[in-house]
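Overview (structure and organization)
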Amino acid sequence: MKITLKLYASLARYLPPEAVRNVIEIEIPDGASVHEVLDRYHVPRGEAHLILINGLYVEPEQRDEAIFRAGDVLAMWPPVAGG
Amino acid sequence: MAWQRRLLRVNLTAGTCVEEPLNMEWAMKYIGQRGLATKYLCEEIDPKVDALSPDNKLIMATGPLTGTMAATGGRYSVITKSPLTGAVACSNSGGFIGAELKQAGWDMIIFEGRAAEPVYLYLENDQAELCPAGDIWGKSIWEADEYLHTKYQDPLIRIACVGRAAEQGCLYSAVVNDLHRAAGRSGVGTVMASKHLKAVVVRGTKGVGNVRDPKAFFQATAAGKKTLAENAVTGQGLPAMGTQVLMNVINEVGAMPTRNMRDVQFEGAHRISAEAMLEPRESDGKPNLVTNAACFGCTIACGRISTIDPQHYTIQNKPEYMHASGGLEYEAAWALGCDTGVDDLDALTYANFVCNEDGMDPISFGSTVAAAMELFDLGAITTEHTGGIEFRFGSAEALTKAAELVATGEGFGRDLALGSKRLCEKYGHPDLSMTVKGQEFPAYDPRGIQGMGLAYATSNRGACHLRGYTVSSEIMGVPVKTDPLSTEGKPELVKAFQDATAAVDSTGLCVFTTFGWTLEDIAPQVDAACEGGWTSESMLEAGERIWNLERQFNLDAGLSKADDTLPKRLLKDAAKTGPAKGMVNRLDEMLPLYYAARGWTPEGAPTDETRQRLGL
Ligand code: SF4
């Protein structure tokens, strides 16, 4: 299935070169987990801290589950903060 | 004893500068800076006073760790009654002047009265002198800064100054120090200008020597620095990306106030984000961001130094804007960008430069422009009012022209200088003002981050993110992750953040340290520096005491439970997109529980028992 992958801040370096403005559409196998997507793009699991699917937080214990539906938007950041 | 134990009282009416001992009994209860200066303000002015009358006072206050070797120990605050909100105002700034003031041997300066003619204060260690400011009145902050540096021929003097906007009465004027650091919110600069005080020039060479236990202080501050360096946010994230890293985060979670909070996501967010600030531009191949920058003693260095595209329309034939200067922080980028629908990074950077140069709070300015754009959209404001400017959402030209007009107090700039609340009232649509207690919202839509709705509604200085930044927990998971769409536990969370922040704001440290530190890291530093036996518990209690003191000031000023609310739009109009789609802010579920958690009556007043418990 196709999903959208967004990698921001220091995770941007793991994006394939075709990505535009931190965003790329990718094909993942049915039943893939967030961690499997991370591994595929060589994003160290410890670096992806804030993980959102369609803007909703993915709890650490959900990151090995098959939770994707076609068209989902997966966005990730290292630890961030601001003000 | 990192306090200097003395303050300078400047009576502008009489033209006198008098030294006074610092009230150490109060310092033991209110720490310093925000807490201690608020205590002085409460004791010395009638809360009902007209904020712009000579009877209001303006206090510049440092904390006990200001000017020391503690990481980020360079902060100072400006405390007064706000002309924008009618509530207590306390605006915090970094840069270098706070540390300089402390090193000149002073904990705070209290300004009272009003000078007959414009003056500035020159303070060099013990020597304090009021000087005529006729040559710099009517000049921008950048021009005044250059004039004063040239006059004194000393590159090390530090200057806090108000701009032309404040002189013209703009109600959200800032006090800007070191060219682009600001005590930004609630119109503290407007009060300073109303006293005919243009600038405060400080040179201090005494240092801050009287630390209670130097060895313990060295150890505690070194341990604190190590923690900040090893933390991914304070050690890597903030220096590399600044606060602007949040632009894409908050947009993704659907809490980005957009077009005067009509929407909760901005399609142009990526074009004005931290990531965009790093992209080389076509014209000269350079990115917007030149480097990061640090305030005094800061080991985080979140500041942004930027340039504008040399080909951009805003700076043609304006060499003064072609150099690198203070760039966009998240709050400024949001207010000038998402809220007005403008996604032109260079136009935003220019508007930000103008806000720095003439001392306008970019949050209030941007939000007021956004309200004007909505009024224009509805036909309540026309080009007749605006002097021909098409005030449309998304118009970079309208935004940058508006900045110039407010800076100089010309034309439609006079209406925009009123702030969103008074502007919307003037043009017959008070509900379109996105404010609490008359102060404009910052960059988090409380429909998508429920706790922030309560934090805004109950903030003692009107809508503000820095009074209780539950975003930290609700979005980033610091110290624990909570669900931004749920109201459960939020009253207690908001209270905890408010009290802890009030304590941190009273120490001389930057609140951004709390992404890496808790009060457990801060208390040993304060305790080693000062007498008083400070622990994280006693600091938290001092924070709660300060919060209640501010609350009491506001109640005495005439504010009430009715002011602890949000604009109808956020309570009635559901978010249209994103995770919060279909939701409003559920303030009614949280507010009674919050009052109870605070030990306040159902009407929002501290009970006698609470006052007694806190020693008020
Ligand atoms: S963290 Fe940023 S705002 Fe705070 S003191 Fe350091 S540079 Fe200044």
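Residues numbered from 1 in each chain as written. Chains lettered and ligands numbered in written order. Predicted model: local features only at pLDDT ≥ 70, side-chain atom pairs only at ≥ 80, totals over all residues. Heavy atoms only, no water.

All right, on to the overall build of chain B then. Along chain B, the regular secondary structure elements total 25 helices and 17 strands. Radius of gyration (C-alpha) of chain B: 22 Å, near the 25 Å computed for a compact globule of 616 residues. With the C-alpha coordinates of chain B rotated into their principal frame, the extents come out at 60 × 55 × 45 Å. Counting over 616 residues, chain B shows a buried share of 65%. The long-range fraction of contacts in chain B, counting pairs at least 24 apart against all pairs at least 6 apart in sequence, stands at 69%. In chain B, which carries 58 positive and 77 negative side-chain charges, the distance between the mean positions of the two groups comes to 2 Å. (Helix = DSSP H or I, 4+ residues; strand = E, 2+ residues; numbered from the N terminus. Rg over C-alpha atoms; globule rule 2.2 N^0.38 Å. Buried < 20%, exposed > 50% of the residue type's maximum accessible area, 1.4 Å probe, protein only. Contact = heavy atoms within 4.5 Å. Lys, Arg positive; Asp, Glu negative; His and termini not counted. Charge placed at Lys NZ, Arg CZ, Asp CG, Glu CD.)

Below, the discussion takes up the environment of B:D361. Residue and element names in this part refer to chain B. Looking at where D361 falls in the secondary structure, it is placed in the loop between α12 (345–358) and α13 (362–377). Remark: the alpha-carbon pair of D361 and A502, spanning 141 residues in sequence, is separated by 21 Å. Looking at D361, its side chain comes within polar contact range of the side chain of R185, at 2.9 Å. (Polar contact = N/O pair within 3.5 Å; in protein donor to acceptor, adjacent residues only side chain to side chain.)

A word on the interface of chain A and chain B. Chain A puts 20 residues into the contact, and the matching count from chain B is 28 residues. Of the roughly 2000 Å² buried at the junction of chain A and chain B (both faces included), carbon and sulfur atoms supply 66%. Three residues, A:R21, A:A81 and A:G83, lead the burial of chain A against chain B; their summed loss comes to 33% of the area buried on that side. The tally of links from chain A across to chain B stands at 2 salt bridges. Here B:E252 ties to A:K6 by a salt bridge, and the two come within 2.9 Å at their closest N and O atoms. Between the two partners, chain A and chain B, sit 4 residue pairs in polar contact (both at pLDDT 80 or more). Of all elements in the fold, only β3 (50–53), β4 (56–57) and β5 (73–77) of chain A reach the threshold of two or more residues within the side of chain A that touches chain B. The dominant element in the side of chain A that touches chain B, judged by the number of residues it contributes, is β5(A), at 3 residues. Residues belonging to the side of chain A that touches chain B are distributed by class as follows: 12 nonpolar, 6 polar and 2 charged. (Buried area = accessible area lost by both parts, 1.4 Å probe. Salt bridge = Lys/Arg side-chain N within 4 Å of Asp/Glu carboxyl O. Nonpolar A, V, L, I, M, F, W, Y, C, P; charged D, E, K, R; others polar.)

If you look at the biggest cluster of nonpolar residues, it comprises 177 residues, and the most contacted ones within it are B:M108, B:L246, B:M360, B:F365, B:F391 and B:Y444. One finds B:M60, B:I109, B:L123 and B:A193 within the second-largest nonpolar core, a separate group that totals 30 residues. (Core = buried A, V, L, I, M, F, W, Y, C linked by side-chain atoms within 4.5 Å.)

The residue after B:V478, namely B:P479, is reached through a cis peptide bond having omega -5°. Counting through the fold element by element, B:P479 comes out in the loop between α19 (471–474) and α20 (490–504). With a phi angle near 70°, A:N22 is a residue other than glycine that sits in the positive phi range. One can find A:N22 in the loop between β1 (2–7) and β2 (23–27). Here A:N22 falls in the buried class, since its relative accessible area comes to 13%.

For the rest of this paragraph, the subject is the site of the ligand. Residues and elements named next belong to chain B. Neighbouring residues of the ligand: T72, R75, R181, A293, A294, C295, C298, I300, A301, C302, C510 and F512. Grouping the amino acids of the shell around the ligand by side-chain chemistry returns 9 nonpolar, 1 polar and 2 charged. Residue assignment places the shell around the ligand across two domains, with domain 1 (6–203) and domain 2 (244–435) each supplying three or more. (Near = heavy atom within 4 Å. Domains from an automatic or database assignment.)

Before going further, it helps to spend a moment on the domain arrangement of chain B. Residues and elements named next belong to chain B. Each assigned domain of chain B is listed here: domain 1 (6–203), domain 2 (244–435) and domain 3 (446–515 + 535–614). The C-alpha-based centres of domain 1 and domain 2 are spaced at 26 Å. Taken residue by residue, the interface counts 33 residues in domain 1 and 36 residues in domain 2. Three residues stand out in domain 1 for area buried against domain 2, namely W142, Y172 and H180, and they jointly supply 30% of the buried area on that side. Scanning the region where domain 1 abuts domain 2 turns up 2 salt bridges. Taken together, the connections running from domain 1 to domain 2 amount to 14 residue pairs in polar contact (both at pLDDT 80 or more). Among the secondary structure elements, those contributing two or more residues to the side of domain 1 that touches domain 2 are α3 (97–103), α4 (141–152) and α5 (164–167). Residue composition of the side of domain 1 that touches domain 2, by class: 15 nonpolar, 14 polar and 4 charged.

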